[in-house]
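# Architecture at a glance
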Amino acid sequence: MSEPADRRYGPAPLPRPRGPISAAVLGALRRPPHDLPPDLGVDLDPADPITDEDLQLTLFLCYELHYRGWRGVDEAWEWQPTMLALRAHAERPFEAALRRLVGSPLVPAAGVAAGLAELVAADDGPPLAATLQRRADLTQFREFVTHRSVYHLREADPHSWALPRLGGPAKAALVEIQTDEYGNGRLDRMHAELFRCTLQRLGLDTTYGAHLDEVPAVTLATNNLMSLFGLHRRLRGALLGHLAAFEMTSSLPNRRYGNGLRRLGFDEVATRFYDEHVEADAVHEQIAAHDLCGGLARVEPALAPDVLFGAAAGLAVDRLFAGHLLDRWAAGRSSLRSPAPPPLPPTVSLAVAASAAVAPPARPVVV
Ligand SMILES: [Fe+2]
Ligand SMILES: [Fe+2]
C-alpha cells in the first residue's frame, strides 16, 4: 500500500470502534486481507439501524474502502469477499429501516418532477437552518460544520457512482450538475475545497475524515444512504432521487448558513461555500428534477417509484439529523460524540475573523 505525501485528501485515519462488529472490522483491516469469521454480522438486526452506532460505523468502514480507503489499510480489502458479505449483512437492516421510514411505495401520479416537488413541499423538518442563521453560537456552528464535513469534504462523489450506470438525458443532466460540484475542473472552485476553507476559517481540522470519531450514527447514516444507493446499480433511481431532493432543499438553507456565519463575524472566505450554493442549487434543482429524474423516468419508467423513495429517504434521514442537533442543543448538550472541538486558535478568533484587517482574497484560498 502507498501512503500519500499530502494527507489532506485521504485516505482517512481509521476511527475508533463503537461495538463488537465495528471492532472486529477495524481489527481485521489493520492486518493483510484475510477471511472474516463466517458468522460475523449474519444476524445483525438492531432495534433502530439508523441510530445504531455499531451498525452505521460498520457500514461506513465497508463503504469507505470504495472511496479513498483507510490510512494504513491494504487496498485489496475493497474486494475481499467476506468483507463484501459483511457489508451485505449490514445493508439489509439499514435498507429495511429506510423503507419503513418512508412508508408505502411512492408512485408519482403526475410525473417524477411533480412527485419530487410534492415531497419537498411536504417536508417540514426541524428548523435547523433557521436556528443556525439566527441563534446558534459559535460552538454550535462549529459542531454543525463538523458533522457536515464527512460529506462536504467529498462533496458530489457518492452521486458520481451513477455516471457509468446511466445513458441518455439523465447522464447529460448529471454531468452538468457534477461539473459544477467539481468546480468545472478548477481546484479552487471545487465545492469540497470551498468547504475546506470554511473548516479552516472555523479553526477545524481540514483533513479528509478527521472528524469521524466525533459524529454520531445519524450523521454517518446521512452518508451511508448515499453510498448504499450509489454502490448498487439496482438503486440508481433512488440515488438520482436523493440528489434531486438534496438540490431542491439546498438554496434557502445555504443562504441561512451563510448569514449565520456572517452574524458570527466571519468573512466571505468562510461563507463562500454556502454563498456558492445559493445560486448554484437554484439552477441545479431545476436540472435535477426535470432533466435528471424526469429524463431517467422517460427512459426507464419503472424506476420512477425508486426516484421518489430515494428522495423521501434522504429527506427523512436529514430530518432525524436536524432533530438530533436541535434536541441536544435544547438540552444544553453537545451534538457530537466526543467533547466539543478544541478552542479556536488565536489566528481565527472572532475578533480577527471580523476585523477589516483580514482582507478577504479575491478567490477562495486553497488550503
Ligand atoms: Fe455543492
Ligand atoms: Fe448542487
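### Let's talk about the coordination of the iron ion (ligand 2)
Binding of the iron ion (ligand 2) to the protein goes through Glu 181 (OE), Glu 247 (OE), Glu 247 (OE), Asp 281 (OD) and His 284 (ND1), at separations of 2.1 to 2.5 Å. Along the chain, the residues donating to the iron ion (ligand 2) fall in the pattern E-x65-E-x33-D-x2-H. Between the iron ion (ligand 2) and the iron ion (ligand 1), both coordinated by Glu 181, there is a metal-metal distance of 4.1 Å. Within this pair, whereas Glu 181 is found in helix α8 (residues 168–181), its partner Asp 281 is found in helix α13 (residues 268–299), the two being separated by 100 residues in sequence. An identical accessibility class is assigned to Glu 181 and Asp 281; each is buried.

### So, the packing of helix α1 (residues 20–29) against helix α2 (residues 53–64)
Between α1 and α2, the least distance of the axes is 7 Å, while the angle of their chain directions is 25°. The angle between α1 and α2 falls in the class roughly parallel. In this structure, α1 uses Pro 20, Ile 21, Ser 22, Val 25, Leu 26 and Leu 29 to contact α2, whose residues at the interface are Asp 54, Leu 57, Thr 58 and Leu 61.

### Details of the coordination of the iron ion (ligand 1)
Within the protein, Glu 155 (OE), Glu 181 (OE), His 191 (ND1) and His 277 (NE2) serve as the donor atoms for the iron ion (ligand 1), at 1.9 to 2.1 Å. If you look at the iron ion (ligand 1), its 4 donor atoms make angles of 83 to 167° with each other, and the shape they trace is irregular. In primary sequence terms, the donor set of the iron ion (ligand 1) follows E-x25-E-x9-H-x85-H. We classify His 191 as buried; its relative accessible area is 0%. The exposure class of His 277 is buried, given its relative accessible area of 4%.

### Some remarks on the layout of surface pockets
Here the largest pocket is characterised by a volume of approximately 920 Å³. Every residue lining the largest pocket is counted, 42 residues in all, and those nearest its centre are Arg 148, Thr 249, Pro 253, Tyr 257 and Asp 318. Going through the elements one at a time, α5 (128–134), α6 (138–152), α10 (217–231), α11 (236–248), α12 (251–263), α13 and α14 (304–330) are the ones with two or more residues in the lining of the largest pocket. Class assignment for the residues of the lining of the largest pocket results in 22 nonpolar, 12 polar and 8 charged.

### A word on the side chain of Arg 154
By the secondary structure assignment, Arg 154 is in the loop between α6 and α7 (157–160). A residue is classified by how much of its surface remains accessible, and Arg 154, at 2% relative accessible area, is buried. Not counting residues within four places of it along the chain, the set of residues in contact with Arg 154 comprises Phe 60, Glu 64, Tyr 67, Arg 68, Ala 192, Tyr 208, Asn 223 and Ser 227.

Quick notes on the rules
- By convention here, each chain's residues receive numbers from 1 onward along its written sequence.
- Each chain is given a letter, starting from A, and each ligand a number, starting from 1, according to the order in which they appear as written.
- Given that this is a predicted model, residues contribute local features only at a pLDDT of at least 70 and side-chain atom pairs are listed and counted only at 80 or more, while totals for whole chains, interfaces and linings are drawn from all residues.
- Water and hydrogen atoms were dropped before computing side-chain values, which therefore reflect all heavy atoms in the structure.
- Only nitrogen, oxygen and sulfur atoms within 2.8 Å of the metal, or 3.2 Å for Na, K and Ca, are treated as donors, and water is left out, so sites may look incomplete.
- A run of H or I in DSSP counts as a helix once it spans at least four residues, and a run of E counts as a strand once it spans at least two, with each numbered from the N terminus.
- Throughout, exposure labels follow a simple rule: accessible area from a 1.4 Å probe, protein chains only, divided by the maximum for the residue type, with under 20% read as buried, over 50% as exposed, and the rest as partly exposed.
- For every element, the axis is a line fit to its C-alpha atoms; helices are fit only across the contacting stretch, and the angle between N-to-C directions ranges from 0 to 180 degrees.
- When an angle is under 35 degrees it counts as roughly parallel; over 145 it counts as roughly antiparallel; between 65 and 115 it counts as roughly perpendicular; any other value is oblique.
- By definition in these notes, contact holds between two residues if any of their heavy atoms fall within 4.5 Å.
- For four-coordinate sites, all angles between 85 and 135 degrees define a tetrahedron; for four- and six-coordinate sites, opposite donors beyond 155 degrees with the remaining angles between 65 and 115 define square planar and octahedral shapes respectively, and all other cases count as irregular.
- The rule is simple: put a 1 Å grid over the protein atoms alone, call a set of points where a 1.4 Å probe fits but cannot get out a cavity, call an open set with protein on both sides within 12 Å along at least five of seven lines a pocket, and count a residue as lining if it has an atom within 4 Å of a point.
- Grid points are joined across faces, edges and corners, and a volume is the space filled by probe spheres set on the points.
- Three residue categories are used. Nonpolar comprises Ala, Val, Leu, Ile, Met, Phe, Trp, Tyr, Cys and Pro, charged comprises Asp, Glu, Lys and Arg, and polar comprises the others, including Gly.

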